[in-house]
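Residue-level structural notes
One letter stands for each residue in the lines below.
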Amino acid sequence: MSTIAEIKATFEREISSCTSVAVIQDLKVKYLGKTGELTALLKGIRDLPPEERPTFGAKVNELRNVMESTFSEKLTQLKRQEMELSLKNEKIDISLCEMKPWGALHPVTLVKNEICDLLIAMGFEVLNGPEIETDYYNFQALNIPYDHPARDMQDTFYLADGILLRTQTSSMQARYMENKKPPIKMVCPGKVFRSDSDASHSPVFHQIEGLVVDKKVTLRDLKGTLEYIASHLFGKDTKVRFRPSFFPFTEPSVEVDLTCSNCGGKGCSLCKGTGWIEVLGAGMVNPKVLENCGIDSAKYNGYAFGMGLERIAMIKYGIPDIRLFFENDQRFLKQFGK
Ligand code: DAH
């Protein structure tokens, strides 16, 4: 009986000075574990004279119950304390955070995202293609042979024999059509390069190319798509006008004008008094291009269009010089932050 009392006294002392969850686990093992002190007492009952066993057993069990409930109460209490402490210590003091000014998307990116979103909603797939391109995909597959005068329209940076910096995102047409059979609805935004530089030409600029190939595609489908894009970019009253033109990869080819977003078509300095602004080239895909890519032009036809993103952004935001897009002047770029 005196041993029970001694164990109880040490237990009470130890548990009351216990301040961590880890220590309490150790204490539990020390008393109630397989080789614990109280367990040893319980095992020792069988060595006692039979008449002493019931009282002794009852006392040991009583102490065990006390210990178990004390351990669980203390454990809950310590866990709560530890949680409170860590919440207090690990708190992130956001009041010390220095607010940096927000960055902004580049105006070309804004226009690109806007056009891509519109086309994605119409079921187009967005692709990226290589900026270093072969002569084949940039020209020949698009019905522009080596000696074709149409090459003069694009002042090309040639890198090595048969390799160049792409002059147009149209280069993705053949790359895509070689591997994918109709129906095709793809759009490819990206950088293009030409040896040309002034207020409205930059050696690097951005285009977005659209291509649809299916059965019975019409020029009217093309116009509808462009009207949809134009009305979202420049307002719902914007009109689209087709003028006959020539591109080797489309037949017929058109130059596409929009009513001037500045004067609404009345005539101003931006549209040089005409009321119209030329924005892109387009047309029905030349059957030769389809055949070059292994698509049966008797069964399928399509339309394509390509536009310069800087040009769109210049009209939309009233930017007078293309070079502003590439100078990275924060005063210019900041104006497009939301
Ligand atoms: N790639 C042409 C250019 O850079 C623009 C263009 C015209 C793209 C007609 C087309 C098209 O897809 O059908 O001038």
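First, a word on what this report is: a plain description of the structure on this page. These numbers come from a predicted model, not from an experiment.

Looking at the site of the ligand
In the neighbourhood of the ligand, 16 residues make up the surrounding shell, with Gln168, Ser170, Arg194, Gln207 and Glu209 lying closest. With respect to the ligand, the side chain of arginine 194 contributes an N or O atom lying 2.7 Å from an oxygen atom. For the ligand, an oxygen atom lies 3.4 Å from a polar atom in the backbone of phenylalanine 305. Compared with its free state, where it exposes 350 Å², the ligand has 92% of that area covered by protein.

Details of the sheet that holds strand E4 (residues 163-165)
Across the sheet, three strands lie side by side as E2-E4-E3; this open sheet has antiparallel pairing. The strands lining the two open edges of the sheet, one partner per strand, are strand E2 (132-134) and strand E3 (158-160). Sheet twist, expressed as the mean angle between neighbouring strand axes with direction ignored, is 40°. Relative to E4, E3 runs antiparallel, the two sharing two bridges. From the neighbouring strand, alanine 160 faces E4, where its bridge partner is isoleucine 163.

Some details on a nonpolar patch on the surface
A surface patch of nonpolar side chains, about 250 Å² in accessible area, is lined by Ile132, Leu159 and Ile163. A relative accessible area of 52% means that isoleucine 132 is categorised as exposed.

Points about the packing of aromatic side chains
For the structure shown, the criterion picks out nine aromatic pairs. Look at phenylalanine 11 and phenylalanine 71: their rings are 5.4 Å apart centre to centre, the planes differ by 75°, and that puts the pair in the edge-to-face class. Of the two residues, phenylalanine 11 sits in helix H1 (residues 2-16) while phenylalanine 71 sits in helix H4 (residues 53-89), which places them 60 residues apart along the sequence. A ring pair is formed by tyrosine 317 and phenylalanine 336, whose centres lie 5.1 Å apart and whose planes are at 70°; its orientation type is edge-to-face. In this pair, tyrosine 317 sits in helix H10 (residues 309-317) while phenylalanine 336 sits in the segment after helix H11 (330-333), placing the two residues 19 residues apart along the sequence. Feature note: the residues Tyr317, Phe325, Phe326, Phe332 and Phe336 constitute an aromatic cluster, connected by ring pairs.

Describing the sheet that holds strand E7 (residues 240-247)
Reading across the sheet, the seven strands line up as E1-E5-E6-E10-E9-E8-E7 and stay open at both edges, with mixed pairing between neighbours. Among the strands making up the open sheet, the edge pair consists of strand E1 (125-126) and E7. Two strands pair when backbone bridges link them, and E7 and strand E8 (residues 250-259) are joined in this way by seven bridges, in the antiparallel orientation. Bridging from a neighbouring strand, arginine 243 pairs with glutamate 255 of E8. Taken strand by strand, helix H7 (residues 171-179) contacts E1, strand E5 (184-193), strand E6 (204-214) and strand E10 (301-308), and its axis lies near 140° from that of E5.

What about the packing of helix H2 (residues 21-32) against helix H3 (residues 37-44)?
Between H2 and H3, the least distance of the axes is 3 Å, while the angle of their chain directions is 15°. If you check the angle between H2 and H3, you find them roughly parallel. Note on element contacts: H3 touches H2 through Glu37, Leu38 and Thr39, opposite Lys30, Tyr31 and Leu32. A breakdown of the residues in the contact of H2 with H3 according to their chemical character gives three nonpolar, one polar and two charged.

A short note on the state of the cysteines
The final tally for this structure, using the stated rule, is zero disulfides. Considering cysteine sulfurs only, cysteine 260 is the nearest to cysteine 268, which forms no disulfide, with 3.7 Å between them. Not part of a disulfide, cysteine 293 finds its nearest cysteine sulfur in cysteine 188, a span of 14 Å.

Focus on the environment of arginine 220
Among the structural elements, arginine 220 can be located in helix H8 (residues 219-234). Classification of arginine 220 as exposed rests on a relative accessible area of 71%. Taking the C-alpha atoms as reference, arginine 220 lies 25 Å from asparagine 292; in sequence the two are 72 residues apart.

Examining the nonpolar core
Of all hydrophobic cores here, the largest spans 45 residues; its most connected members are Ile115, Ile229, Leu280, Tyr303, Phe305, Met307 and Phe325. Contributing elements (two or more residues each) for this core: helix H5 (107-121), E6, H8, E8, strand E9 (276-285), E10, H10 and H11. With seven residues, H5 is the single largest residue contributor to this core. Ignoring sequence-local partners within four residues, the contact set of leucine 280 consists of Leu226, Val254, Glu255, Val256, Phe305, Gly306 and Met307. Core analysis: the next-biggest nonpolar cluster, separate from the first, contains 26 residues, Ala174, Leu211, Val289 and Ala304 among them.

Points about unusual backbone geometry
Note that the residue after proline 182, namely proline 183, is joined by a cis bond; omega there is 5°. Following the sequence through the fold, proline 183 ends up in the loop between H7 and E5. Each neighbour pair has its own omega, and for glutamate 251 with proline 252 the value is -5°, a cis peptide bond. For asparagine 143, which is not glycine, the phi torsion reads 70° and is therefore positive. Its place among the elements puts asparagine 143 in the loop between helix H6 (135-138) and E3. At lysine 216, a position not held by glycine, the phi torsion is positive, near 55°.

Conventions we followed
Residues numbered from 1 in each chain as written. Predicted model: local features only at pLDDT ≥ 70, side-chain atom pairs only at ≥ 80, totals over all residues. Heavy atoms only, no water. Near = heavy atom within 4 Å. Polar contact = N/O pair within 3.5 Å; in protein donor to acceptor, adjacent residues only side chain to side chain. Areas by Shrake-Rupley, 256 points an atom, 1.4 Å probe, with all protein chains shown as cover. Pairing = 2+ DSSP bridges. Helix = DSSP H or I, 4+ residues; strand = E, 2+ residues; numbered from the N terminus. Axes fitted to C-alpha atoms, helices over the stretch in contact; angles between N-to-C directions. Patch = residues over 30% accessible without salt bridge, like charges linked within 9 Å, V, L, I, M, F, W, Y side chains within 5 Å. Salt bridge = Lys/Arg side-chain N within 4 Å of Asp/Glu carboxyl O. Buried < 20%, exposed > 50% of the residue type's maximum accessible area, 1.4 Å probe, protein only. Phe/Tyr/Trp six-rings, centres within 6.5 Å; stacked < 30°, edge-to-face > 60°. Contact = heavy atoms within 4.5 Å. Parallel < 35°, antiparallel > 145°, perpendicular 65-115°, else oblique. Nonpolar A, V, L, I, M, F, W, Y, C, P; charged D, E, K, R; others polar. Disulfide = S-S within 2.5 Å. Core = buried A, V, L, I, M, F, W, Y, C linked by side-chain atoms within 4.5 Å.

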